[in-house]
Amino acid sequence: MTDTQPATLNLTPSPRILEMIAEVDLQLHQCLGELIDNALDELVEASAQDPTLEPRIDVTLPTAGAAEKSSEICVSDNGRGMSPEQLQDALSAGTSGKQRFGSLGLFGMGFNIASARLGAITEVRTGCNGDDQWVIATIDLLAMQRQASYDVPLRYEDKAREEHGTLVTVTKLREDMVTRLRSTRAVRDTMAHLGRIYTFMLRDPQGGHSGAELMGGADQRLYVNERAVSPHLPCIWDPSRSVIYKGAPVPTATKIDIPLTNAYACMNCGRWYTTAYEKCIDCESTDIKEQERQVRGWLGIQRYADKSDFGLTFLRHGRAITYQDKSLFNWETPDGDFELEYPIELGMGRIVGELHLDHAPVNVRKTNFDTSSQEWRFMVEKVRGPEPLRPKHAMRLVGHENGSPMSQFFNAYRETRPGLRYLVPGNGETSIHEQAKSWGTKFRDGDPEYLTDEKWYKAAADHNRIKDGPPAETKPSTDDDDWLDDEGLGHLGGGDDATESTDDEDAAETEPVKPETREERFARYRASAMLIPDTDRAIRIGTSQPVLRVYVTSGVELTEDGLSQPYAIQIVGGEIEVYVDSGTSLIAQYAWSPMNVALVCAAPQLKSVYSVDWSIHQLVMSILDQFPDRRVDAAAVRARADSLLDDMRDRLGDLASKDPNAYWSGLSGEARRAAEANAVTIAPDIDWNAAVDIGDFGRYLSAEGVHDLVTNSPALVLDGTLFRATYASLGEETQADQVARVGALLADLRRMTAGAPTRRVELSRLLLTAELLDEEIVSE
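Since we're looking at a predicted model, the values are computed, not measured.

### Re the pairing of strand β14 (residues 311-316)
The buried fraction of β14 is high, at 6 of 6 residues. As defined by bridge partners, β14 adjoins strand β18 (residues 349-356) across 5 bridges and the pair is classed as parallel. Pairing of F314 across the sheet is with L355, part of β18. Both β14 and strand β15 (residues 319-325) contribute to a ladder of 4 bridges, which runs antiparallel.

Structure, rendered in structure tokens:
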């Protein structure tokens, strides 16, 4: 080597690298998130040092009408601030000015990428309590490129000694960022994203919503343009609620706390080690300490079911990395493939939860965990289990059911039938998924009436009451007094006529009775009525939008002009109240729904009041079209039938195992072949001969097979074994009637599973059959 040859290479990258990295398509909320992460880290530490601190982060964004290249984006906090030395370390790309372990974000590279993605100039103003000056650093990417230098000038400005905190201001905004900010939804959408990402950090663990204490929170404060960012609260049932599965209560929410063995973490870069190292492999830091590890959080059931609005949130140090993740609903087969196991019925799910994985690695953009890591796979095994969630599938493959926390929720709450059995709001006819979800919107808007689960629970309970009808009235017997009546001495009996009359009472009888006003009459109806859960809402009638409420009454005579009638209607101030007598023949004898009775009876008056030029039929259909939960379609009927058949198969598998030959003998050849075909479809590698020998064939019977057992071997499946119908103690003719009755229900089930019809009236009839059959099946 000669004297003129260089001894070293200067590999300091060009400042252009930051601008190139900024080409990565980070969304506005992701860029802000990186800056907010650093502020939250600081405030958590500052609050621990000073309990009197009221932590606050403010984000300022230009509004749609004012957004332009010269606009500013600001993120500020009232934390402890930084010294010039701390600021230099914080802003150096690829380094961190504070310990990374236990932190949401990093200054350094993450900060530089995020700020460069927003704009070309970033100013950081920071100061500590007791200092006389703000320290201000300006990162100008274009100037740095021209100078081919990473040197950043500092300047100082006077401040009051008690002032402290950090303010990040980005200017010379990128064109694509300006375009996004010009959207009228930009600020609103950004707040919604931040509310989901920081839901745990912003949540009040003492809030008044159901499950608040179980879910926890850090109670931090974040504002965008002076408006508080609301955490996206999970809308779960109160953990005190439960349903019965296999004879035991399964609560609607449960805490997850899985301790792990301690490990060693680099306090500088955050890398974990299973054994102690003197020096970190990644950053060469010697600050490596033993730390506790755990998987913590909760699983719960949402108060409404939806096709996409459900799933798990995975967090690291309180920040949501993934939201509504559904990967744990897939079962990984031994071949490495994935099978979707949840949701089953109509594709609607309601399992939700949050799991904190502070020890698990995430990607640089904080958009996902490393799902191939040992830490992630351990969590999956403990929370979801390695076996299929489906009990029959798991029994066949491994000989036992999945016992994980996820499996408990899967089995106990996988169906969305209305009522208390599965805790699903209903209207007496169907589940009211859309209405229940709209209540969820009011819950997240902070409406006090919807913070707890009482509204949803009442709708589930009222569904049962409306469906079952009023209890039969019983009148006290007066047989003991009949002989007195025969002798003309009825006034001496214990009935209403036997009460003694006093002078005061005689005087009272002569006083005129004040007639009941219309308002008093409807108040009396309301006091003894039950609101149909999905009707308390605005509807469209012509150009008007009145609120419709339909009530079901029992034991109250509905009158108009002194005449008894099956309904009563009142329209006052944009509100429609319709009362329907549950005992009217249209309901009791002809199985009309209270809603249909209400609309048909009220339609003439609605047509007159709202001056619509429609026929009665058009008016009723127009209103019904605004209640999507009440629509009946073939998919709903088929799903209902499949669910009922699965229930029967589960029970028949256990029953047939006790006497396989007797159950097998009750099946026709066609039913045996159908069971074998079902088994091959569900479990291609099944040993069918063995399944027949041990009675496992019962888990694969078709509706035809169940019908065969009722017809050919009723003693095996009636009398509370599979069906509740009494059989053995009855006479021969009555036995035949019981077999015919249950057989007729199963014949309808056979039609439903083979392919439901499309005519609405027939679909409604089959759904009614499903309800009757559900009540007939013996539950666990």
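### What about the packing of aromatic side chains?
For the structure on display, the rule yields 16 aromatic pairs. Here a set of aromatic residues connected by ring pairs shows up, and it is made of F310, F329, Y342 and F410. Over the aromatic face of Y457 sits the side chain of R241, whose NZ or CZ is 3.9 Å from the ring centroid. In this structure, R537 packs its charged tip against the face of F627, placed 4.5 Å from the ring centre.

### Regarding unusual backbone geometry
Between Y342 and the following residue, P343, the backbone shows a cis peptide bond with an omega angle of 5°. Examined against the element boundaries, P343 turns out to sit in the loop between β17 (338-340) and β18. Unusually for a residue other than glycine, S611 sits at a positive phi of about 50°. By the secondary structure assignment, S611 is in the loop between α19 (594-609) and α20 (616-624).

### Observations concerning the sheet that holds β15
Spatially, the 6 strands line up as an open sheet ordered β12-β11-β13-β18-β14-β15, and their pairing is mixed. Either end of the sheet is taken by a strand with one partner, and the two such strands are β12 (272-273) and β15. In this sheet, β12 lies alongside strand β11 (residues 253-266) in antiparallel orientation, the contact comprising 2 bridges. Its bridge partner lying in β12, A265 is registered against W272. Its contacts with the sheet put helix α10 (residues 374-383) on β11, β13 (288-306), β14 and β18, and the angle it makes with β11 is roughly 155°.

### Some points on the nonpolar core
The biggest cluster of nonpolar side chains holds 50 residues, and the ones touching the most others in it are I36, I73, Y198 and L222. It is helix α2 (residues 28-49) that provides the largest number of residues to this core, a total of 9 residues.

### Quick notes on the packing of helix α21 (residues 634-656) against helix α25 (residues 703-712)
Where α21 contacts α25, the axes come no closer than 11 Å and their chain directions differ by 55°. Classified by the angle their axes make, α21 and α25 are oblique. With respect to the hand of their crossing, α21 and α25 are arranged in left-handed fashion. Judged by residue contacts, L645, M648 and L652 of α21 engage A703, V706 and L709 from α25. In terms of residue class, the contact of α21 with α25 is made up of 6 nonpolar, no polar and no charged.

The rules behind each value
- Residues numbered from 1 in each chain as written.
- Predicted model: local features only at pLDDT ≥ 70, side-chain atom pairs only at ≥ 80, totals over all residues.
- Heavy atoms only, no water.
- Buried < 20%, exposed > 50% of the residue type's maximum accessible area, 1.4 Å probe, protein only.
- Helix = DSSP H or I, 4+ residues; strand = E, 2+ residues; numbered from the N terminus.
- Pairing = 2+ DSSP bridges.
- Phe/Tyr/Trp six-rings, centres within 6.5 Å; stacked < 30°, edge-to-face > 60°.
- Lys NZ or Arg CZ within 6 Å of the ring centre and 35° of its normal.
- Contact = heavy atoms within 4.5 Å.
- Axes fitted to C-alpha atoms, helices over the stretch in contact; angles between N-to-C directions.
- Core = buried A, V, L, I, M, F, W, Y, C linked by side-chain atoms within 4.5 Å.
- Parallel < 35°, antiparallel > 145°, perpendicular 65-115°, else oblique.
- Left-handed = near helix turned anticlockwise from the far one by under 90°.
- Nonpolar A, V, L, I, M, F, W, Y, C, P; charged D, E, K, R; others polar.

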